[in-house]
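Results of the structural survey
For reference, the chains in residue letters:
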Amino acid sequence: MEQIPIAQARLLDIFLGICEWTPIYFGWRPNLTDEGDNHLIELAIAGQSRYLVTRNLRDLARMERRFPELRVCSPEPSVAWHCCAKRLERTRASARRNKR
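All of the points below concern the structure found in this document. Since this is a predicted model, take the numbers as computed values, not measurements.

Parameters at a glance
Residues numbered from 1 in each chain as written. Predicted model: local features only at pLDDT ≥ 70, side-chain atom pairs only at ≥ 80, totals over all residues. Heavy atoms only, no water. Helix = DSSP H or I, 4+ residues; strand = E, 2+ residues; numbered from the N terminus. Buried < 20%, exposed > 50% of the residue type's maximum accessible area, 1.4 Å probe, protein only. Contact = heavy atoms within 4.5 Å. Patch = residues over 30% accessible without salt bridge, like charges linked within 9 Å, V, L, I, M, F, W, Y side chains within 5 Å. Areas by Shrake-Rupley, 256 points an atom, 1.4 Å probe, with all protein chains shown as cover. Salt bridge = Lys/Arg side-chain N within 4 Å of Asp/Glu carboxyl O. Core = buried A, V, L, I, M, F, W, Y, C linked by side-chain atoms within 4.5 Å. Arc of directions from axis to C-beta. Polar contact = N/O pair within 3.5 Å; in protein donor to acceptor, adjacent residues only side chain to side chain. Expected span 1.5 Å × (residues − 1).

A word on the overall build of the chain. A tally of helices and strands in the chain yields 4 helices and 2 strands. Counting helices and strands in the order they occur from the N terminus, the chain gives α-α-β-α-β-α. Burial statistics for the chain: of 100 residues in total, 19% are counted as buried. A separation of at least 24 residues holds for 37% of the contacts in the chain among residues at least 6 apart in sequence.

This is the structure:
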């Protein structure tokens, strides 16, 4: 089995530390062009997600049914901001305290 680099393993640990299993009882059927993508929106809505992070932005932008509470975004800016924003702010606050 391939080994995961330490930085990626740490990021994965942080991510999994905030994840929750969510039972799904019904389907929302957003009616995407690719029927195989509908489950992504259904899971996000049922799990009360605010963000759906995917590289499949083009297909998900063509939903017939809209969900204004759900933001679909690409992984590059989302993961960096969402997973690391608090840690970055703590680091900045610590640096400001150390300058005093």
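Once the structure has been displayed, the description carries forward.
On to unusual backbone geometry, then. Phi is positive for Gln48, which is not a glycine, with a value near 55°. With respect to the helices and strands, the residue Gln48 is situated in the loop between α2 (38-46) and β1 (51-53).

A cluster of nonpolar residues, Ile4, Leu12, Phe15, Leu16 and Ile18, forms a patch on the protein surface that exposes about 480 Å² of accessible area. As for its placement among the helices and strands, Ile4 is situated in the segment before α1 (6-18). Here Ile4 falls in the partly exposed class, since its relative accessible area comes to 48%.

Turning our attention to the nonpolar core. Residues Leu32, Ile41, Ala44, Ile45, Leu52, Leu60, Met63, Phe67 and Leu70 constitute the largest nonpolar core, which totals 9 residues. Broken down by element, this core gets its largest block of residues, 3 residues, from α2.

Moving on to α2. The complete set of buried residues in α2 reads Asn38, Ile41, Glu42, Ala44 and Ile45. Mapping the buried residues of α2 onto a view down its axis gives an arc of 165°, with all of them on the same face. The secondary structure elements touched by the buried residues of α2 are β1 and α3 (57-60).

Quick look at the side chain of Thr54 now. Looking at where Thr54 falls in the secondary structure, it is placed in the loop between β1 and α3. One polar contact links the side chain of Thr54 to the main-chain amide nitrogen of Asn56, over a distance of 3.0 Å. Sequence-distant contacts of Thr54, defined by excluding residues within four places in its chain, comprise Leu60, Val72, Cys73, Ser74 and Pro75.

Locating Ile24 in the fold gives a position in the loop between α1 and α2. The exposure class assigned to Ile24 is partly exposed, which follows from its relative accessible area of 36%. Setting aside residues up to four positions removed in sequence, Ile24 forms contacts with Leu43 and Ala46.

Here we take up α1. Compared with an ideal rise of 1.5 Å per residue, which puts 13 residues at 18 Å, α1 spans 19 Å between its outermost C-alpha atoms and is within 8% of the ideal. Of all 13 residues in α1, 0 are buried, a share of ten percent or less.

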